[in-house]
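Remarks on the overall topology
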Amino acid sequence: MEAKEEIRSRLNIEDVIGQYVQLKRAGRNFKGLSPFSQEKSASFMVSPDKHIWHDFSSGKGGDVFTFVMEMEGVDFKGAMELLARKAGVDLAQYHQTGDGSFGKKKERLFAAVDLAAKFYQQVLTRSPVAITYFKKRGFNKQVIADFMMGFSPSQDELYKALTKRGFTEGELRDAGLVVSRRGRPSDMFRGRMMVCLADAQGRPIGFTARIIADDPGAPKYINTPQTILYDKSRHVFGLHLAKEAIRRADFAVVVEGNADVIASHQVEIKNVVATAGTALTEYHLRTLSRFTQDVRLAFDADKAGIAATERAIGIASNLGITLGIIGWSDDAKDPDELIKKDVALWQKAIENPKDAIEWLLDIYAAQYDLTSAEGKRRITDRVLAIVRTIGDPVLREHYLQVVSKRINTSFAALDKKLDQQATSQAAPKPAARPVAPTGPDPAAYQDHLLALALRHHQLRDHLNKLEPTEFSGELRQAIATHLKTDEPLLQSDATSVKINELELIADTKYAALSDELHYVAADIAKRIKKEHKQSVRAALAKRFMASEDETERQELNTRIKQLDQQIEALKR
């Protein structure tokens, strides 16, 4: 038996999901309020028989692994590891190569860092100097506990304590807790305020440490070095405490400093996380995209903050993320200071972000003379280099229009320069990466027609009015083809889960309907066709605006008008 099946066989899906969602028995299934939306009537269904779940409010669904991926913000491997621990399954025995020593080493390091965090918390309680400093900073007891904050003693007490617990010097070095000083092992952190770095599940993986004594020769902050547990290019500070608030608010705020995160959480604004300064990576954004498609950066408008924003725009768009920029008053140097000044100002700032490219255009406009040819050349060089990284052609068109109006230059000229940039750098315009949607799926309603056609053969007439390509995603298209033609459906874990999910939709959403089913199926089919035609029209409009050939423009205009008539007819 494979590891996945072994885990599935040992766990009841309703028990796992019940740790996150309050479920009530509903016949053979379970029902609860959606964890992905603020609904008042329960529409979240779990089927123990099929071992799947479906959330009607957001259109999400799948098996126990996809649920954990959604709730914990982990990839499939992370979900496997988490569920394996719950099920008591040793994944090492399923590895075809290796003896599982790496996994065992990793668990030893987790244990060492966890004990270190508890040790620093205990030291804090008996250190008058540290207690005075924490009071001065205004940290309350709850935030100290939530962020596992503590204090590291000036002597090498941690090394002695952990070696007495059976950890070797090598293990403590690998965990980033011990270094060499004067030829002997010594605590990595001494005489500092300790803030625990935790993974998305809240397990300690390292520390960031701030000196509290006046020492001009010592760095203000030091962090755990790169270890097999901690990678600053992947770690999102505070995510384990923020993920539920991010999901509820449906947006995430990313700040530069850990202190900004702590300050915001202390005033109950908890959908705030941090990266290592402005070092925002694709992995950071990919992790956040598991909880929301709306990410707002609260970085300084300095060189580093501008560069981080320029890097992030293309990555965010290709992950389906809307990227916004949060600004704040000149009276505060950072969010921490702004919060201390007036919490309402911080709340207002995060609720009113500016589009990232439009924010950059404001920055560029202050640097270049937009009325001069040289100024227009330089600003278009910079902004088009960013637009070129955007995979979505509709977004590219939108931003070309924004830039065109801003600097009084034609759309056609900008589009041509965009192509020239791509050619000169020997890199085509990138296609959007295929990323599984993690926010509400705008095409989820299409599953309802597939579910009805799957359960009720007589409703397939409505499906037959559509082409499979009018459905969103390869999996839906494959199922539509199967239902229309009876061609065999390629068997895989993904198709099996999807078919079970469609059956759950049909059995729970439409079980009580009979005569109305034809009307429901007809309405969904009409919506699918209308939205497909609108998508085709948008692509033709893009070609029309970019074309300089009059004959081609006339042909495109004719096709667009025909589509307009067809779309209008579908609205009736």
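Scope of this entry: the structure provided in the associated data block.

Rules of the game
- Residues numbered from 1 in each chain as written.
- Predicted model: local features only at pLDDT ≥ 70, side-chain atom pairs only at ≥ 80, totals over all residues.
- Heavy atoms only, no water.
- Helix = DSSP H or I, 4+ residues; strand = E, 2+ residues; numbered from the N terminus.
- Rg over C-alpha atoms; globule rule 2.2 N^0.38 Å.
- Buried < 20%, exposed > 50% of the residue type's maximum accessible area, 1.4 Å probe, protein only.
- Areas by Shrake-Rupley, 256 points an atom, 1.4 Å probe, with all protein chains shown as cover.
- Lys, Arg positive; Asp, Glu negative; His and termini not counted.
- Charge placed at Lys NZ, Arg CZ, Asp CG, Glu CD.
- Salt bridge = Lys/Arg side-chain N within 4 Å of Asp/Glu carboxyl O.
- Polar contact = N/O pair within 3.5 Å; in protein donor to acceptor, adjacent residues only side chain to side chain.
- Contact = heavy atoms within 4.5 Å.
- Pairing = 2+ DSSP bridges.
- Right-handed = clockwise from strand over helix to strand, strands pointing away.
- Axes fitted to C-alpha atoms, helices over the stretch in contact; angles between N-to-C directions.
- Parallel < 35°, antiparallel > 145°, perpendicular 65-115°, else oblique.
- Left-handed = near helix turned anticlockwise from the far one by under 90°.
- Expected span 1.5 Å × (residues − 1).
- Phe/Tyr/Trp six-rings, centres within 6.5 Å; stacked < 30°, edge-to-face > 60°.
- Core = buried A, V, L, I, M, F, W, Y, C linked by side-chain atoms within 4.5 Å.

**Details of the overall build of the protein chain**
On a plain count of helices and strands, the protein chain comes out with 25 helices and 16 strands. Its C-alpha atoms give the protein chain a radius of gyration of 27 Å, within 12% of the compact-globule value 25 Å for 572 residues. Residues classed as buried in the protein chain amount to 49% of the 572 residues present. Here the protein chain has roughly 28,100 Å² of accessible surface; of this, 50% comes from carbon and sulfur atoms. Between the centroid of the 83 positive side chains of the protein chain and the centroid of its 78 negative side chains there is a distance of 4 Å.

**Side note on the side chain of Glu39**
As for its position among the elements, Glu39 is in the loop between strand 2 (29-32) and strand 3 (44-47). Buried within the structure, Glu39 lacks any salt-bridge partner; Lys31 is the closest side chain of opposite charge, at an N-O distance of 8.6 Å. Of note is the side chain of Glu39, whose polar atom sits 2.6 Å from the backbone nitrogen of Ser34. Among the polar contacts made by the side chain of Glu39, one reaches the side chain of Ser43 at a distance of 2.6 Å. Once you skip the residues sitting within four places of it in the chain, Glu39 turns out to touch Gly32, Leu33, Ser34, Phe44 and Ser57.

**Digging into the pairing of strand 12 (residues 252-255)**
Of the two faces of strand 12, the one lined by Ala252 and Val254 and the one lined by Val253 and Val255 are each fully buried. Bridge count for strand 12 against strand 14 (residues 294-298) is 4 bridges, and the pairing is parallel. Paired with Val255 across the strands is Ala298, a residue of strand 14. The sheet contact formed by strand 12 and strand 13 (residues 272-274) spans 3 bridges and is parallel. Residue pairing across strands places Val255 opposite Ala274, the latter belonging to strand 13. In this fold, the crossover linking strand 12 to strand 13 by way of helix 11 (residues 258-266) has right-handed handedness.

**Let's talk about the packing of helix 20 (residues 446-455) against helix 22 (residues 474-485)**
Orientation of helix 20 relative to helix 22, taken along the N-to-C sense of each, is 25°, at an axis distance of 11 Å. Taken together, helix 20 and helix 22 sit at an angle that is classed as roughly parallel. Considering the relative orientation of helix 20 and helix 22, their crossing is left-handed. Seen from helix 20, the contacting residues are Gln446, Asp447, Leu450, Ala453 and Leu454; seen from helix 22, they are Arg476, Ile479, Ala480 and Leu483.

**Examining the pairing of strand 2**
Sheet analysis places strand 1 (residues 24-26) next to strand 2, joined by 3 bridges and oriented antiparallel. Residue pairing in the sheet places Arg25 in a bridge with Phe30 of strand 2. Turn length for the strand 1-strand 2 hairpin, with the two strands adjacent in sequence and antiparallel, is 2 residues, and the turn residue Gly27 shows positive phi of about 70°. Note: strand 2 against strand 3, 3 bridges, orientation antiparallel. Bridge pairing in strand 3 links Gly32 to Phe44.

**Focus: the packing of helix 3 (residues 64-72) against helix 10 (residues 239-249)**
As a packed pair, helix 3 and helix 10 sit with axes 9 Å apart at the nearest point and diverge in direction by 95°. Regarding the angle of helix 3 to helix 10, the classification is roughly perpendicular. Residues Glu70, Met71 and Glu72 of helix 3 pack against Lys243, Glu244 and Arg247 of helix 10.

**Notes on helix 16 (residues 356-367)**
Three- or four-residue spacings in an α-helix give side chains the same orientation, since the helix completes a turn every 3.6 residues. Its 12 residues place the ends of helix 16 17 Å apart at the C-alpha level, agreeing with the 16 Å of an ideal helix rising 1.5 Å per residue. Looking at helix 16, one finds that the buried residues are Ala356, Ile357, Trp359, Leu360, Leu361, Ile363 and Tyr364. Elements in contact with the buried residues of helix 16: helix 13 (303-318), strand 15 (322-325), strand 16 (354-355), helix 17 (373-387) and helix 18 (393-407). Where helix 16 begins, the side chain of Asp355 points an oxygen toward the backbone nitrogen of Ile357, at a separation of 3.1 Å.

**With respect to the pattern of salt bridges**
Taken as a whole and assessed by the stated rule, the structure comprises 39 salt bridges. Between Arg108 and Glu171 there is a salt bridge, with the nearest N and O atoms lying 3.0 Å from each other. Here Arg108 is found in helix 5 (residues 101-125), whereas its partner Glu171 is found in helix 9 (residues 169-174), with 63 residues between them in sequence. Of the residues examined, Arg108 reaches a relative accessible area of 32% and is grouped as partly exposed. Of the residues examined, Glu171 reaches a relative accessible area of 18% and is grouped as buried. Shared partners join several salt bridges into a network, and the residues in it are Lys4, Glu5, Arg8 and Asp63.

**Re the sheet that holds strand 1**
Adjacent strands of a sheet form backbone hydrogen bonds with each other and so pair up, either parallel or antiparallel. One open sheet holds the 5 strands; their spatial order is 1-2-3-4-5, and the pairing between them is antiparallel. If you trace the sheet from one side to the other, it starts and ends with strand 1 and strand 5 (61-62), each paired once. Most of the contacts of helix 23 (residues 493-509) go to strand 4 (residues 52-55), to which it runs at about 55°, and overall it touches strand 2, strand 3, strand 4 and strand 5.

**So, unusual backbone geometry**
The backbone of His51 shows a phi angle near 60°, a positive value even though the residue is not glycine. Residue placement: His51 occurs in the loop between strand 3 and strand 4. His51 gets classed as buried once you look at its relative accessible area, which sits at 12%. Non-glycine residue Asn408 carries a positive phi angle of around 60°. Of note, Asn408 is situated in the loop between helix 18 and helix 19 (411-424). Since its relative accessible area comes to 67%, Asn408 is described here as exposed.

**As for the packing of aromatic side chains**
Following the criterion strictly, the structure yields 12 aromatic pairs and no others. Taking 5.6 Å as the distance between ring centres and 25° as the angle between the ring planes, the aromatic pair formed by Phe44 and Trp53 counts as stacked. Trp53 matches Phe44 in its accessibility class, with the two residues each being buried. Between Phe119 and Tyr120, the ring centres sit 5.8 Å apart and the planes meet at 70°, which makes this aromatic pair edge-to-face.

**Overview of the nonpolar core**
Most often, soluble globular proteins keep nonpolar side chains buried together rather than apart. Membership of the largest hydrophobic core comes to 63 residues, with the highest contact counts inside it found for Met149, Leu177, Phe207, Val253 and Trp346. Looking at this core, the element that brings in the most residues is helix 5, giving 11 residues. Core analysis: the next-biggest nonpolar cluster, separate from the first, contains 47 residues, Val236, Ile313, Ile357 and Ile407 among them.

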